[in-house]
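Reading the structure
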Amino acid sequence: MCSLPVPREPLRRVAVTGGTHGNEMSGVYLAQHWLQAPAELQRLSFSAVPVLANPAATAACCRYVDHDLNRAFTSSFLNSRPTPDDPYEVTRARELNQLLGPKASGRAFDFVLDLHNTTANMGTCLIAKSSHEVFAMHLCRHLQLQYPELSCQVFLCQRSGEESYNLDSVAKNGLALELGPQPQGVLRADIFSRMRTLVATVLDFIELFNQGTAFPAFEMEAYRPVGVVDFPCTDAGNLAGTVHPQLQDRDFQPLQPGAPIFQMFSGEDLLYDEESTVYPVFINEAAYYEKGIAFVQTEKFTFTVPAMPVLNPVPSPTS
């Protein structure tokens, strides 16, 4: 059951961030476009601010320069004393925290939408921190209803007791769009267009909320992480096999005990030997090789999302 407070005032301060990872090109080019032509982000009751989150990584067309920016928004990084030796992304996280936060403060932005691509076959994935984020859950439901052909699976990335660390956590409310498959450093027109359409629908939803639309309670199905699986490796640390063809591209599909998960270079199959069925995501994600993750294990569950309060319709900021 969702339990965190929901917004009771219109959401006025909204940001759309792209290029948190500098080689995820849909968000990079959308952010760069909107910085030059922001009219697309305007609604009657608010205007969203476009932000290019990681300019240095974007210029180098790499995921990050020194440290993964989307893992840098923890209290230890944000609140520590700056030094000349700090990784670039830690410094940039503090700058973004000042721009969009400060995190966990009343002065933080009302909502941040962060744009990502994945090389995995995740389709249209909506990433929130937990089921307790009522506004984000209603937004996810709205996207699912608007685009049933996209599935729009909901992945809740934060484990119980874990501190939030991603960029949108600096705001009072947030969501990440994770669209794929798209290779790193490549811009695909279909995924670019899909992301652009989804961003417009997110902003439309915020406008509906601001104008007093009723959003009743509902049941939500989502996925949450329960573990990770590394690639099989040799004693020297080199790959000894790769993701099995029967697992490849089957993100969000059930993985049953005894099913093959890796095809070893020696020729045999390595089987999934745990007792419970899981739902792998980020299967063979290129960015996760360095993290020792061949795929993330998730469980599927259902929970109740309560109704949101109905606001009084608000005039536009200029009226």
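Residues numbered from 1 in each chain as written. Predicted model: local features only at pLDDT ≥ 70, side-chain atom pairs only at ≥ 80, totals over all residues. Heavy atoms only, no water.

**Notes on the UniProt feature "domain: Succinylglutamate desuccinylase/Aspartoacylase catalytic" (unreviewed entry) in the protein chain**
If you check UniProt for "domain: Succinylglutamate desuccinylase/Aspartoacylase catalytic" (unreviewed entry), the listed places come out as residues 11-206 in our numbering. Segment residues 11-206 splits into 34% helix and 16% strand. End C-alpha atoms: 7 Å apart. (UniProt positions renumbered as here; feature names shortened; annotations may be inferred. Helix = DSSP H or I, 4+ residues; strand = E, 2+ residues; numbered from the N terminus.)

**Quick notes on the packing of aromatic side chains**
What the rule picks out here adds up to 12 aromatic pairs. Taken together, a centroid distance of 5.3 Å and an interplanar angle of 80° make the contact between Phe135 and Phe209 edge-to-face. Within this pair, whereas Phe135 is found in helix α5 (residues 134-146), its partner Phe209 is found in helix α6 (residues 189-210), the two being separated by 74 residues in sequence. Look at Phe135 and you get buried, because its relative accessible area is 1%. Among the aromatic residues, those joined into a ring-pair cluster are Phe111, Phe135, Phe205, Phe209 and Phe215. Positioned above the aromatic ring of Phe301, the side-chain terminus of Arg224 is 3.7 Å from the ring centre. (Phe/Tyr/Trp six-rings, centres within 6.5 Å; stacked < 30°, edge-to-face > 60°. Buried < 20%, exposed > 50% of the residue type's maximum accessible area, 1.4 Å probe, protein only. Lys NZ or Arg CZ within 6 Å of the ring centre and 35° of its normal.)

**Re α5**
Over its 13 residues, α5 runs 18 Å from end to end, which matches the ideal 18 Å to within 8%, given 1.5 Å per residue. Most of α5 sits inside the fold, with 10 of its 13 residues counted as buried. Looking only at α5, the buried set comprises Val134, Phe135, Ala136, Met137, His138, Leu139, Cys140, His142, Leu143 and Gln144. (Expected span 1.5 Å × (residues − 1).)

**Quick word on the environment of Gly106**
Positionally, Gly106 belongs in the loop between α4 (88-100) and β3 (111-117). In this structure the C-alpha to C-alpha distance between Gly106 and Ala171, which are 65 residues apart in sequence, comes to 9.4 Å.

**Describing the nonpolar core**
Formed by 47 residues in total, the largest nonpolar core has its most connected members in Phe111, Leu115, Met137, Leu143, Leu175, Leu177 and Val199. Here this core takes 10 residues from α6, the largest share from any one element. Within the second largest apolar cluster, 16 residues are counted, among which are Cys125, Ile127, Tyr279 and Ala287. (Core = buried A, V, L, I, M, F, W, Y, C linked by side-chain atoms within 4.5 Å.)

**Quick word on the UniProt feature "active site" (unreviewed entry) in the protein chain**
Per the UniProt record, "active site" (unreviewed entry) is found at Glu178. By the element assignment, Glu178 lies in strand β6 (residues 173-179). With residues up to four places along the chain from it excluded, the contact list for Glu178 reads His116, Asn117, Thr118, Gly123, Thr124, Cys125, Ile127 and Phe282. In this structure the side chain of Glu178 is engaged in a polar contact, spanning 3.5 Å, whose partner is the backbone nitrogen of Thr118. (Contact = heavy atoms within 4.5 Å. Polar contact = N/O pair within 3.5 Å; in protein donor to acceptor, adjacent residues only side chain to side chain.)

**Some thoughts on the layout of surface pockets**
Estimated volume of the largest pocket: approximately 460 Å³. Around the largest pocket, the lining comprises 28 residues; the ones closest to its centre are Arg71, Phe155, Cys157, Tyr165 and Tyr288. Listing elements by their share of the lining of the largest pocket, those giving two or more residues are β3, β6 and β7 (218-229). Residue contributions to the lining of the largest pocket peak at three residues, all from β3. For the lining of the largest pocket, the per-class residue count stands at 12 nonpolar, six polar and 10 charged. (1 Å grid on protein atoms, 1.4 Å probe; cavity = no way out; pocket = protein on both sides within 12 Å on 5 of 7 lines; lining within 4 Å. Points joined across faces, edges and corners; volume = space filled by probe spheres on them. Nonpolar A, V, L, I, M, F, W, Y, C, P; charged D, E, K, R; others polar.)

**A closer look at α4**
For α4, which comprises 13 residues, the first-to-last C-alpha distance of 18 Å matches the rise-based estimate of 18 Å (1.5 Å per residue) to within 8%. Among the residues of α4, Glu89, Val90, Arg92, Ala93, Arg94, Leu96, Asn97 and Leu100 are the ones counted as buried. Taken together, the buried residues of α4 touch β1 (14-18), β2 (49-52), α2 (55-60), α3 (75-78) and β3.

**Remarks on unusual backbone geometry**
Cis peptide bonds are those with omega within 30 degrees of zero, and the linkage from Gly101 to Pro102 qualifies with 0°. Each neighbour pair has its own omega, and for Gly180 with Pro181 the value is 5°, a cis peptide bond. Its place among the elements puts Pro181 in the loop between β6 and α6. Although it is not a glycine, Phe282 sits at a positive phi angle of roughly 50°. Tracing the chain through its elements places Phe282 in the loop between β10 (269-271) and β11 (295-305). In the Ramachandran plot, Asn284 falls in the positive-phi region, its phi being about 60° despite a non-glycine side chain. On the secondary structure map, Asn284 appears in the loop between β10 and β11. Taking relative accessible area as the criterion, Asn284 reaches 19% and is therefore assigned buried.

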